[in-house]
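Okay, here's what each chain looks like letter by letter:
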Amino acid sequence: MVRFSFPLSPRMEAFLQLRNGLACLLAAERERQPLAWLQACADVRLSLTGDQGRRPALPEVMGLLVTMQAHLEQLAEDHPRFRERIMASCAQLERHAAALREEQDEAQQWLEGDAWVEAWLNALKKQDWLGHKRGLPSALPALWGNDSRRREALSRLSGLADAVESLHAMLHDYVDWQGRVAAEGSDQLQPDRGQRFGLVIVGLSEEQVRDGLMPDISGNRLAIRVRFQRWAPGRPAAPVTEDVAYRAMLVPVA
């Protein structure tokens, strides 16, 4: 299943930006893609420093870890049969929080002090998206060949990546899926006003996404509109007019 996340709070938005940047960084390292690796490093740095209109992500991640622990502790009280397993998850979150307190400054300082990442961000500010003016494309293969640079970056960010991945997994497993049908491609979710939701997740099958089906999600904590579009090769996005079966979940962690 393909999952699409839409933030309902500034904290969740900062978390998703950091999650996506780290995921791209690890994928670029795995696939040995220097251009994608450099862009991901720059994106993670923007999330950590809170530049270009972003909220600094680390305080938001720490806040989510604390909030998630409180929710799990309440869940353990409500379901004593699963208490041991739930409290093990709480302990895992606490270990991540402790590691972040020790490592967060080093990770941010490394990214802020790296000349390669700094040059790339300066190129982006000038809308030189590939760094042509600085000759970065010519230098990419040689700079990428410095394994110590990449190992150092991954080492500095490993604790943060582990914490974000664990939190991401818990947020996605915290609530059961709700099966829904978007009549003629449109649907509206109405969250319970007695709860404070931070994230809405829409799930589609891989076959649906391969067919070009994509959700367009908008709204706020009072009403969430889901409209499906079809993205066909070489054509503009077109509204879907048939009924669409999909899944959704609202995460009560903000």
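Residues numbered from 1 in each chain as written. Predicted model: local features only at pLDDT ≥ 70, side-chain atom pairs only at ≥ 80, totals over all residues. Heavy atoms only, no water.

1. Points about the pairing of strand 6 (residues 224–230)
Our working rule: Here, a strand pair is defined by DSSP locating no fewer than two bridges between the strands. Only DSSP runs of H or I with at least four residues qualify as helices, and only runs of E with at least two residues qualify as strands; both kinds are numbered from the N terminus onward.
The pairing of strand 3 (residues 186–189) with strand 6 spans four bridges and is antiparallel. When the bridges of strand 6 are listed, Leu 189 appears paired with Ile 224. Sheet topology places strand 5 (residues 213–219) next to strand 6; seven bridges connect them, and they run antiparallel. Looking at strand 6, one finds that Ile 217 is bridged to Val 226. The hairpin formed by strand 5 and strand 6 contains four residues between the paired strands. One ladder, built from two bridges, connects strand 6 with strand 7 (residues 238–239); its direction is antiparallel. Among the inter-strand pairings, Arg 230 is bridged to a residue of strand 7, identified as Ala 238.

2. What about the state of the cysteines?
As a reminder, the rule being used: A pair of sulfur atoms, both from cysteines and within 2.5 Å, is called a disulfide here.
Scanning all chains against the criterion turns up zero disulfides. In this structure Cys 24 is not part of a disulfide, and its nearest cysteine sulfur, from Cys 41, lies 11 Å away.

3. Some remarks on helix 2 (residues 34–49)
Residues three or four positions apart in an α-helix share a direction because the helix packs 3.6 residues into each turn. The line we're drawing: To estimate how far a helix should extend, the number of its residues minus one is multiplied by 1.5 Å. Each residue gets one of three labels from its accessible area relative to the maximum for its type: buried under 20%, exposed over 50%, partly exposed in between, using a 1.4 Å probe on protein chains only.
In this model helix 2 runs 23 Å from its N-terminal to its C-terminal C-alpha over 16 residues, within 8% of the 22 Å that 1.5 Å per residue would give. With 13 of its 16 residues buried, helix 2 lies for the most part within the structure. One or two positions beyond helix 2, positive phi appears at Gly 50, with a value near 75°.

4. Remarks on the packing of helix 1 (residues 10–31) against helix 3 (residues 57–78)
Inclusion rule: The axes are straight lines fitted to the C-alpha atoms, using for helices just the contacting stretch, and the angles between their N-to-C directions are given from 0 to 180°. Just so you know how the angles are binned, under 35 degrees is roughly parallel, over 145 roughly antiparallel, 65 to 115 roughly perpendicular, and the rest oblique. Helix crossings are classified by the rotation of the near helix relative to the far one: an anticlockwise turn of less than a right angle makes the crossing left-handed, while a clockwise turn makes it right-handed. Should any heavy atoms of two residues lie within 4.5 Å, those residues are considered in contact.
Where helix 1 contacts helix 3, the axes come no closer than 9 Å and their chain directions differ by 110°. When the axis of helix 1 is compared with that of helix 3, the two are roughly perpendicular. Helix 1 and helix 3 meet at a crossing whose hand is left-handed. Note on element contacts: helix 3 touches helix 1 through Ala 57, Glu 60, Val 61, Gly 63, Leu 64 and Thr 67, opposite Arg 11, Met 12, Ala 14, Phe 15 and Leu 18.

5. Thoughts on the nonpolar core
Selection criterion: In this text, buried Ala, Val, Leu, Ile, Met, Phe, Trp, Tyr and Cys residues form a nonpolar core when linked through side-chain atoms within 4.5 Å.
Core analysis: the biggest nonpolar cluster contains 53 residues, and Phe 15, Leu 18 and Leu 160 have the highest contact counts within it. In terms of residue count, helix 3 provides more of this core than any other element does, nine residues in total. Among residues more than four places away in sequence, those in contact with Leu 18 are Val 44, Ser 47, Leu 48, Ala 57, Val 61, Leu 160 and Val 164. Formed by 20 residues, the second largest nonpolar core is a distinct cluster that contains Leu 189, Val 200, Phe 228 and Val 244.

6. Some words on the sheet that holds strand 2 (residues 178–182)
In a beta sheet, neighbouring strands pair by backbone hydrogen bonds and run either parallel or antiparallel. Strand order across the open sheet formed by four strands is 1-4-8-2, with antiparallel pairing between neighbours. Edge positions in the sheet fall to strand 1 (2–7) and strand 2, since each has one partner strand and no second. Each strand axis lies, on average, 30° off the axis of its neighbour in the sheet, ignoring direction. Two strands pair when backbone bridges link them, and strand 1 and strand 4 (residues 199–204) are joined in this way by six bridges, in the antiparallel orientation. Opposite Phe 4, over in strand 4, you have Val 202 as the bridge partner. Most of the contacts of helix 1 go to strand 1, to which it runs at about 140°, and overall it touches strand 1 and strand 4. Strands strand 1, strand 4 and strand 8 (244–251) of the sheet are contacted by helix 7 (residues 147–173), whose axis makes an angle of about 115° with strand 8.

7. Looking at the packing of aromatic side chains
To keep things clear, this is the line we draw: Under the pairing criterion, centres of Phe, Tyr and Trp rings, with the six-membered ring standing for Trp, must be within 6.5 Å; the plane angle then separates stacked pairs below 30 degrees from edge-to-face pairs above 60, leaving the rest tilted. Whether a charge sits over a ring comes down to the Lys NZ or Arg CZ being within 6 Å of the ring centre and within 35 degrees of the ring normal.
The full count for this structure, using the stated rule, is three aromatic pairs. Aromatic pair Trp 37 and Trp 144: ring centres 5.9 Å apart, planes at 80°, arrangement edge-to-face. On the criterion of sequence distance, the pair formed by Trp 37 in helix 2 and Trp 144 in helix 6 (residues 136–144) is long-range, its members being 107 residues apart. Neither Trp 37 nor Trp 144 differs from the other in exposure class; each is buried. Each residue in the set Trp 37, Trp 116 and Trp 144 is aromatic and connected to the rest through ring pairs, giving one cluster. When the ring centre of Trp 144 is taken as origin, the NZ or CZ atom of Arg 150, which lies over that ring, is 4.1 Å away.

8. Some points on the pattern of salt bridges
Note the threshold: A carboxyl oxygen of Asp or Glu within 4 Å of a side-chain nitrogen of Lys or Arg is what we treat as a salt bridge.
Across all of its chains, the model carries 16 salt bridges by this definition. The partner of Glu 242 in a salt bridge is Arg 230, with the nearest N and O atoms 3.2 Å apart. Remark: Arg 230 occurs in strand 6 and Glu 242 occurs in the loop between strand 7 and strand 8; sequence separation between them is twelve residues. Each of Arg 11, Arg 55 and Glu 60 takes part in a single network of salt bridges with overlapping partners.

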